[in-house]
Amino acid sequence: MSTLTWTPDAPGELLPGWRAADVAAADAARLATGVDLMAVAAHALAGRCAALLRERAGGVSGRAVVLLVGPGNNGGDALLAGASLRRRGAGVTALLLADRAHEGGVAGLRAAGGRVIRPHPDDEADLHHAADLVRDADLVVDGVLGIGARGAVRGAAHDLLERVALRGGAVVACDLPSGLDPDTGALSGPVLPADVTVTFGAAKAGLLLPRGRHVVGELVVVDLGLEEHLPDPALHLVRDGGAPDLPGPHVAVRWPRPWRDADKYARGVLGVAAGDDRYPGAAVLACSAAAASGVGMVRYVPADGRAAAVDPVGPLVLRAVPELLVQPLADVGRVQAWVVGPGVSEPDDPRVRHVLEEADEPAVVDAGALQAAARLTREGTLRRPDRLLLTPHRGELERVAGVLGLERREDAVDTARDVVARTGAVVLLKGADTVVLTPEGRTTVVPGGPPWLATAGAGDVLAGVAGALLAAGTAPGRAATLAAHVHAVAAHRASRGGPLHAALVADEVRGVVADALGARVPGEGLASGGAPVLWDDGARD
Ligand SMILES: NC(=O)C1=CN([C@@H]2O[C@H](COP(=O)(O)OP(=O)(O)OC[C@H]3O[C@@H](n4cnc5c(N)ncnc54)[C@H](OP(=O)(O)O)[C@@H]3O)[C@@H](O)[C@H]2O)[C@@H](O)CC1
Ligand SMILES: [K+]
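What you see is a predicted model, and the numbers here were worked out from it, not measured in a lab. (Residues numbered from 1 in each chain as written. Chains lettered and ligands numbered in written order. Predicted model: local features only at pLDDT ≥ 70, side-chain atom pairs only at ≥ 80, totals over all residues. Heavy atoms only, no water.)

**What to know about the coordination of the potassium ion (ligand 2)**
And step 1. In this structure, Asn-74 (OD1), Asp-142 (O), Leu-145 (O), Cys-174 (O), Leu-176 (O) and Ser-178 (OG) serve as the protein donors to the potassium ion (ligand 2), at separations of 2.6 to 3.0 Å.
And step 2. Between the 6 donor atoms coordinating the potassium ion (ligand 2), the angles at the centre fall across 70 to 174 degrees, so the site counts as irregular.
And step 3. One chain supplies every donor for the potassium ion (ligand 2), spaced along it as N-x67-D-x2-L-x28-C-x1-L-x1-S. Here Ser-178 lies in the loop between β7 (170–174) and β8 (196–200) and Asp-142 lies in strand β6 (residues 139–143), a separation of 36 residues in the sequence. (Donors = N, O, S within 2.8 Å, 3.2 Å for Na, K, Ca; no water. Tetrahedral: all angles 85-135°; square planar, octahedral: opposite > 155°, others 65-115°. Helix = DSSP H or I, 4+ residues; strand = E, 2+ residues; numbered from the N terminus.)

Put into structure tokens, the structure is as follows:
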């Protein structure tokens, strides 16, 4: 479970993240206006450090603070914050871990009465002493590297971090945990996981991405007045409602809700082409989750064009969702969206061919239909990919990329981006966190469910929720983000810290959506007064 929160409480539902180069350019533009950004940054950093010391060590005065200082301005921030903490009575020691250090910062700390030590990188006794100081500190400020970092931390800082990485005391990262790539969140070398990361000007994308999130702790974004100098964000992170089991405002604002006299078609009719003799449960889970998400009706389409009377899966699905219709592909009535692929084991299943090559309705393409989508892309016969939402986990994504002949990438998010570019469909990449990427270039990170959610059938539930949203007219990118968030929140509820299974997650979906929408008056339609039934302003988030 991620502990990432952010303050000050952002008014929006989404936290934007930028690339380091964009933030550096905005920094430079803002600096040119004559503002002393480092002073503002250091002041905010010192304030958060003092608060953490009060929380964890009962005060600031007399507490031991160690600054890990690298060669650049990141170290300068830490030194100036250290000077401020020293003036508040803390004992502050700076460990200079590179061959140079920010001069103004060193002078500032010395003037305030702080101690400055430069451990020799090749001297075992020096490093040992430094490691002891770090271990005994009430608070460590990581100012080794910021957005100027290239690769893993090197030199004395590397050796020291390796020795102290598992210490238990409080850690505040200055701008970002050193060793975390500000753009991708990739961690290289030893990294000190932070209790709080105080980041300057704008959240860096890497702080919000799955690979980096778990070492960030609480994220504090310090306002440096960069807004007008920043381009569009590289990505967004969806926020929860204050705890992982509470849905965030994103859902309340965007979930489609029925108008007072909406009929079932207005609510959305979903075709579910899922499950077969080998995997009947996938159909049950997808249909249950769709029903729990507010779909108007589900038409379940059995394998092999079988009639309802002879299909063995139909009775199971009907037991779970008595109001649904079981209809063979040849007789299926009107639907507004599809879920295709969960529990489909035959690569040539006619249901897959129908949805991917003949249908025009939006579709969630999962599991057994993913490779077919890749193959049809290659053959140029995938019908209207802009209506499709592909929902692979990492392994499936690799296979899709393989079928598409894409170059191997180290980071799954990069692979997903390539798949989006090649197919023209939205991709929802499942993992510890979910990442949604759209052809318009929007990337949204949705904090994941508990680790217990890595369980058979979890993806079938997600597909059902997303399918219900597509049937209601929600655009694929937005449906993906909403479904992933509701799914993760439902999983937190189902788990309550313990094991879960997919059917329990499906059971929680209805309550999560109801809680998210609870503030609205039932039957009154949309606060926005928009489209009569369900709304979608076309935004692709
Ligand atoms: N700009 C502004 O207005 C503001 C900036 N602010 C602050 O400045 C920070 C950016 O500062 P910065 O540009 O000096 O970069 P920073 O990350 O401190 O270090 C770069 C140095 O590290 C070195 N180095 C690189 N990789 C390395 C490695 N793996 N292992 C070891 N060394 C490595 C690299 O050396 P090089 O490799 O280039 O020889 C270079 O000397 C930013 O994060 C924020 O905290 C705030 O005060 C707000 C206003
Ligand atoms: K840092």
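We are not done yet, so read on.
**Examining helix α6 (residues 155–164)**
And step 1. Within α6 the residues assigned to the buried category are Ala-156, Ala-157, Leu-160, Leu-161 and Val-164. Taken around the axis of α6, the buried residues stretch over an arc of 130 degrees, which confines them to a single face.
And step 2. The secondary structure elements touched by the buried residues of α6 are β3 (64–69), β4 (91–96) and α5 (124–136). (Buried < 20%, exposed > 50% of the residue type's maximum accessible area, 1.4 Å probe, protein only. Arc of directions from axis to C-beta. Contact = heavy atoms within 4.5 Å.)

**With respect to the UniProt feature "binding site: K(+)" (unreviewed entry) in the protein chain**
And step 1. Under the feature "binding site: K(+)" (unreviewed entry), the UniProt entry names Asn-74, Asp-142 and Ser-178. Across 105 residues of sequence, these annotated residues stay compact in space, with a maximum C-alpha separation of 9.7 Å.
And step 2. Excluding its chain neighbours within four sequence positions, the residues that come into contact with Asp-142 are Leu-68, Asn-74, Val-172, Ala-173, Cys-174, Leu-176, Pro-177 and Ser-178.
And step 3. Of note is the side chain of Asp-142, whose polar atom sits 3.2 Å from the backbone nitrogen of Val-144. (UniProt positions renumbered as here; feature names shortened; annotations may be inferred. Polar contact = N/O pair within 3.5 Å; in protein donor to acceptor, adjacent residues only side chain to side chain.)

**As for the UniProt feature "binding site: AMP" (unreviewed entry) in the protein chain**
And step 1. Per the UniProt annotation, the sites labelled "binding site: AMP" (unreviewed entry) are Lys-430, Gly-431, Ala-432, Asp-433, Thr-434 and Gly-459. These annotated residues cover 30 residues of sequence, and their C-alpha atoms lie no more than 13.3 Å from one another, placing them together at a single site.
And step 2. The residue Asp-433 is located in the loop between β17 (426–429) and β18 (434–437) in this model.
And step 3. A relative accessible area of 10% places Asp-433 in the buried class.
And step 4. Residues contacting Asp-433, with those up to four places away along its chain left out, are Pro-210, Arg-213, Val-445, Val-446, Pro-447 and Gly-448.
And step 5. Mapped onto the fold, Gly-459 is located in helix α17 (residues 458–471).
And step 6. Those residues within four positions of Gly-459 in sequence are excluded, and the remaining contacts are Asp-366 and Lys-430.

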